[in-house]
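Observations on the three-dimensional arrangement
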Amino acid sequence: MEDQSTNKEPAGENKRLLISSDLATPIYGLFGLGILYTLYVAHQIVLPIILAVMTSLLLSPLVKKAYVKWRVPRMISSLVFVLLVLAGIVGITLAVATPALKWVEEVPQGISRLLVGESEISRQIARVSESAEQVEKSVEELSESERQQPTTVVLQTDSWRNQLMTKARNGIAGLALALALTYFLLVSGDRLIKNFVRQLPIDQRKTVLRITHDSQHQIAQYLGVLGLSNLAVGTTTGLICWAVGLPDPAVWGLVAGLARFIPYLGVILSISMLTIVSAISLDEFWMMAIAPLGFLGLTTLVGFFIEPWIHGFRMAINPVIIFVSIFFWGWLWGPVGVLLAVPLMTVIQVVLKQIPKLRPVYKVIAR
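Residues numbered from 1 in each chain as written. Predicted model: local features only at pLDDT ≥ 70, side-chain atom pairs only at ≥ 80, totals over all residues. Heavy atoms only, no water.

**Examining the overall build of the chain**
- Looking only at helices and strands, the chain features 13 helices and zero strands.
- Across the chain, helices and strands are ordered from the amino to the carboxyl terminus as α-α-α-α-α-α-α-α-α-α-α-α-α.
- A buried classification covers 29% of the 367 residues belonging to the chain.
- Counting only contacts in the chain whose residues sit at least 6 apart along the sequence, the fraction spanning at least 24 positions is 73%.
- Working note: accessible area of the chain is about 24,400 Å², and carbon and sulfur atoms make up 68% of it. (Helix = DSSP H or I, 4+ residues; strand = E, 2+ residues; numbered from the N terminus. Buried < 20%, exposed > 50% of the residue type's maximum accessible area, 1.4 Å probe, protein only. Contact = heavy atoms within 4.5 Å. Areas by Shrake-Rupley, 256 points an atom, 1.4 Å probe, with all protein chains shown as cover.)

**Description of the nonpolar core**
- Membership of the largest hydrophobic core comes to 23 residues, with the highest contact counts inside it found for Ile-50, Met-54, Ile-326, Trp-329, Trp-333, Leu-340 and Leu-344.
- Top contributing element to this core by residue count: helix H12 (residues 335-354), with seven residues.
- Apart from residues lying up to four places away in sequence, Leu-344 is in contact with Ile-50, Met-54, Trp-329 and Trp-333. (Core = buried A, V, L, I, M, F, W, Y, C linked by side-chain atoms within 4.5 Å.)

**Considering a positive patch on the surface**
- Positive charge collects at one region of the surface, where Lys-206, Arg-210, Lys-353, Arg-359 and Lys-363 lie side by side.
- Elements represented by at least two residues in the positive patch include exactly helix H6 (202-244) and helix H13 (359-365).
- Tracing the backbone through its elements, the reader meets Lys-363 in helix H13.
- For Lys-363, a relative accessible area of 61% puts it in the exposed group. (Patch = residues over 30% accessible without salt bridge, like charges linked within 9 Å, V, L, I, M, F, W, Y side chains within 5 Å. Salt bridge = Lys/Arg side-chain N within 4 Å of Asp/Glu carboxyl O. Lys, Arg positive; Asp, Glu negative; His and termini not counted. Charge placed at Lys NZ, Arg CZ, Asp CG, Glu CD.)

**Quick look at the side chain of Asn-230**
- With respect to the element layout, Asn-230 can be found in helix H6.
- Apart from the residues within four sequence positions on either side, Asn-230 is in contact with Gly-257, Arg-260 and Phe-261.

**Describing a nonpolar patch on the surface**
- Together, Leu-79, Leu-83, Leu-86, Val-90 and Leu-94 give the surface a local cluster of nonpolar side chains, amounting to about 440 Å² of exposed area.
- In this structure, Leu-83 sits in helix H3 (residues 74-116).
- Judged by relative accessible area, which is 47%, Leu-83 ranks as partly exposed.

**Examining the UniProt feature "transmembrane region" (unreviewed entry) in the chain**
- Per the UniProt record, "transmembrane region" (unreviewed entry) is annotated on residues 17-39, 45-63, 75-97, 171-189, 219-245, 251-273, 285-306 and 326-352.
- Here residues 75-97 runs as 100% helix and 0% strand, with 32 Å between its end C-alpha atoms. (UniProt positions renumbered as here; feature names shortened; annotations may be inferred.)

**What to know about the packing of aromatic side chains**
- According to the stated counting rule, one finds six aromatic pairs in the structure shown.
- For the ring pair Tyr-183 and Phe-184, a centre distance of 5.5 Å and an interplane angle of 70° mean the geometry is edge-to-face.
- With a relative accessible area of 51%, Phe-184 lands in the exposed category.
- Through a chain of ring-to-ring contacts, three or more aromatic side chains come together here, namely Tyr-40, Phe-328, Trp-329, Trp-331 and Trp-333.
- Over the aromatic face of Tyr-67 sits the side chain of Arg-71, whose NZ or CZ is 5.2 Å from the ring centroid. (Phe/Tyr/Trp six-rings, centres within 6.5 Å; stacked < 30°, edge-to-face > 60°. Lys NZ or Arg CZ within 6 Å of the ring centre and 35° of its normal.)

**Description of H6**
- Taking 1.5 Å per residue as the helical rise, H6 with its 43 residues ought to reach 63 Å, and the 64 Å between its terminal C-alpha atoms agrees with that figure.
- One or two steps after H6, the chain reaches Gly-245, where phi turns positive at roughly 95°. (Expected span 1.5 Å × (residues − 1).)

Pasting the structure below:
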């Protein structure tokens with residue numbers, strides 16, 4: 001009897017282990033979906049926190065260097081760097097906002113003049129319109145069904161200015177929260193990390209410290225090199241726009257340089273923008289092509305020599321993963337998610353590479 005009872009106990013334990021292993025994957029899947037839903041719903045809180053963490057990772061080495069080299073207190077150096085970030089954001093916004101609003105109002109009129117005026121584009125569109133009208137008349141003649149009078153539906157919505165002001169107000173509140181949290185992370189973030197590490201087992205402490213150090217180093221390298229290359233591309237693009245006679249050339253150079261922080265999509269956006277502005281502002285077709293083709297050539301040149309070093313050596317991740325991550329974070333958080341996609345992939349890459357259990361995932365997404 002005792003032997004039978006001892007045999008039943010291991011069998012019951014094995015059965016329970018089998019059931020728990022079968023439920024592990026669905027539970028992890030539900031947990032992952034819950035995290036995604038939380039990130040989507042609580043984006044007004046999560047986004048400022050992530051922005052603050054990313055900014056503190058970028059500025060923390062500068063704060064440490066200021067303290068070690070010049071004995072500048074962390075409170076003062078952190079405040080100076082946060083104010084510099086704020087001044088840069090305000091300066092870029094003021095430089096871009098006024099011309100952008102002016103062009104938003106002028107673009108429809110410019111496109112109308114382009115299509116209605118005596119140009120090759122308008123003539124081609126006129127031919128297409130005539131062909132479409134002939135096809136429509138032929139379809140109407142063949143149709144035997146009775147026509148019903150269309151019902152006019154009027155939708156009352158807020159103007160784009162009101163929607164823009166609402167989003168700007170929410171953005172300013174989130175930016176203020178992110179900058180305030182960045183300051184506190186720069187002042188006492190290291191102490192928080194050390195207190196957290198002390199609570200971990202001894203064998204895990206080095207891993208956490210290595211992840212923090214590598215994340216700071218990789219983000220600083222990525223944004224530093226990319227910032228220099230984008231500065232060169234933006235300055236050259238602005239000079240090209242000035243040379244061909246486009247209005248507000250400095251604005252278009254600035255926008256082109258900033259858009260390149262978004263891999264792939266930023267280049268497409270800049271080329272489209274320069275094409276529209278050139279088509280509206282210039283008369284000759286070959287003059288219209290100079291600015292977008294010049295930017296495309298610059299981007300290709302920089303991409304061949306600098307981008308492979310950034311995305312290949314510092315971020316050894318498959319370009320497909322980077323492209324998918326841009327769409328994913330953009331869907332989750334909008335334009336801010338698109339900007340954060342590559343820095344987030346940098347941190348995720350470091351975490352996957354440093355944790356042994358997650359290293360196979362890193363090998364899958366690597367080049």
